[in-house]
Amino acid sequence: MTETALASPEAAPSAPPLLVASGLSRRFGDRWAVAGVNLRLSAGRSLLLAGHNGAGKTTLLQLLAGLLRPTAGTLTLDRGGRGGPPPRVGLIGHRGGHWQDLGADEHLRIDAHLLGRRFDRAEARALLARVGLDGRDREPVRQFSAGMSKRLSLARLLYQDPEVVLLDEPYGKLDHDGTALMDGVVDELVARGKALVMATHLVSHVAHRLHSGLVLDGGEMRWVGPASGVPAILAKESE
Ligand SMILES: Nc1ncnc2c1ncn2[C@@H]1O[C@H](COP(=O)(O)OP(=O)(O)OP(=O)(O)O)[C@@H](O)[C@H]1O
Ligand SMILES: [Mg+2]
């Protein structure tokens, strides 16, 4: 498909964007994983990123997180022209990226150090309890189940409190309670003014809680519109 006239999902936001991607592209060998993606996302706005396996969602999130360098195009992160340091970006990815020999509380202590913040044990404990890791905060993370590791990712994201939140399949490995927890956190982060991008195959589950939708296909922007329109687009494609 080549619908070159596709607009960015946040073509006319009321607030200046925190994140602007322009023609963002990434090639691996001779394959374009992401090709010509345009995005604008303002504080308090959320984007559902959808598309089949291999469509380019994870690659795009890694580009937005600065973990991958674009082959072409640009990514601009700023505070909507208000100056100061660029907004901080937090990603929950497929892999936790945790230090396997350390405990959950040690992760928050290190995160505090890296952010130049005072570590507050009571705050860390409350956060770990919120994600259901109370009583498990001192043991090495290598002993964690997959869902517990995802819950630690969530606690670290909340602790780091970035302005731009990127979630790659955030519901993967989570049980029923964990799914409800993630739902609540997503709503809360957007209400608190974060710019949030979520890649997921659970489009029907999240379509009503996110603002805009972008469907990728072969790395290209296949469709943009309200998030609520994404399930029908994907259903039509698989007919
Ligand atoms: N490091 C890499 N080296 C080579 N090819 C890669 C690399 N990472 C991703 N790709 C390719 O880029 C394309 C997009 O992959 P990506 O992981 O972004 O898809 P996705 O939409 O996240 O898929 P899924 O729904 O399975 O998570 C795929 O063809 C994949 O094989
Ligand atoms: Mg992926």
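Residues numbered from 1 in each chain as written. Chains lettered and ligands numbered in written order. Predicted model: local features only at pLDDT ≥ 70, side-chain atom pairs only at ≥ 80, totals over all residues. Heavy atoms only, no water.

As a volume, the largest pocket reaches approximately 660 Å³. Leu67, Leu91, Ile92, Gly93 and Gly96 are the residues nearest the centre of the largest pocket, which is lined by 24 residues in total. Those elements giving two or more residues to the lining of the largest pocket turn out to be helix H1 (57-64), strand E5 (89-92), helix H2 (104-115) and helix H4 (146-160). The class makeup of the residues in the lining of the largest pocket is nine nonpolar, ten polar and five charged. Mapped onto the domain boundaries, the lining of the largest pocket takes at least three residues apiece from domain 1 (1-88 + 162-239) and domain 2 (93-161). Taken together, Gly93, His94, Arg95, Gly96, Ala146, Ser149, Lys150, Ser153, Asp168, Glu169, Gly172 and Lys173 make up the full set of residues lining the second largest pocket. In terms of residues, the lining of the second largest pocket owes the most to one element, H4, which gives four residues. (1 Å grid on protein atoms, 1.4 Å probe; cavity = no way out; pocket = protein on both sides within 12 Å on 5 of 7 lines; lining within 4 Å. Points joined across faces, edges and corners; volume = space filled by probe spheres on them. Helix = DSSP H or I, 4+ residues; strand = E, 2+ residues; numbered from the N terminus. Nonpolar A, V, L, I, M, F, W, Y, C, P; charged D, E, K, R; others polar. Domains from an automatic or database assignment.)

As a further point, take the domain arrangement of the protein chain. On domain assignment, one finds that the protein chain holds domain 1 (1-88 + 162-239) and domain 2 (93-161). Centre-to-centre separation of domain 1 and domain 2, based on C-alpha positions: 25 Å. Contacts between the two partners involve 23 residues from domain 1 and, on the opposite side, 14 residues from domain 2. Run the count over domain 1 and domain 2 and you get four salt bridges. Residues Glu188 and Arg130 are paired through a salt bridge, measuring 2.8 Å at the closest nitrogen-oxygen approach. Remark: the boundary between domain 1 and domain 2 carries ten residue pairs in polar contact (both at pLDDT 80 or more). Taken together, the elements giving at least two residues each to the side of domain 1 that touches domain 2 come down to strand E6 (164-168) and helix H5 (176-191). (Contact = heavy atoms within 4.5 Å. Salt bridge = Lys/Arg side-chain N within 4 Å of Asp/Glu carboxyl O. Polar contact = N/O pair within 3.5 Å; in protein donor to acceptor, adjacent residues only side chain to side chain.)

With that out of the way, let us pick up the environment of Ser238. As for its placement among the helices and strands, Ser238 is situated in the segment after helix H7 (230-237). With a relative accessible area of 55%, Ser238 lands in the exposed category. In this structure the C-alpha to C-alpha distance between Ser238 and Asp161, which are 77 residues apart in sequence, comes to 38 Å. (Buried < 20%, exposed > 50% of the residue type's maximum accessible area, 1.4 Å probe, protein only.)

So, on to unusual backbone geometry. Positive phi outside glycine occurs at Asp161, with the angle close to 50°. Its location among the elements puts Asp161 in the loop between H4 and E6.

Moving on, we get to the sheet that holds strand E1 (residues 17-28). Across the sheet, which stays open at both edges, the three strands sit in the order E2-E1-E4 with antiparallel pairing between neighbours. Each edge of the sheet is formed by a strand with only one pairing partner; in this case those strands are strand E2 (31-42) and strand E4 (72-77). Averaged over all pairs of adjacent strands, the angle between strand axes in this sheet comes to 15°, irrespective of strand direction. H1 contacts E1, E2 and E4 of the sheet and is inclined by roughly 125° relative to E1. (Pairing = 2+ DSSP bridges. Axes fitted to C-alpha atoms, helices over the stretch in contact; angles between N-to-C directions.)

Each aromatic ring pair is specified by the distance between its two centres and by the angle formed by the two planes. Scanning all chains against the criterion turns up zero aromatic pairs. A cation over a ring is seen here: Arg117 above Tyr159, with NZ or CZ 4.3 Å from the ring centre. (Phe/Tyr/Trp six-rings, centres within 6.5 Å; stacked < 30°, edge-to-face > 60°. Lys NZ or Arg CZ within 6 Å of the ring centre and 35° of its normal.)

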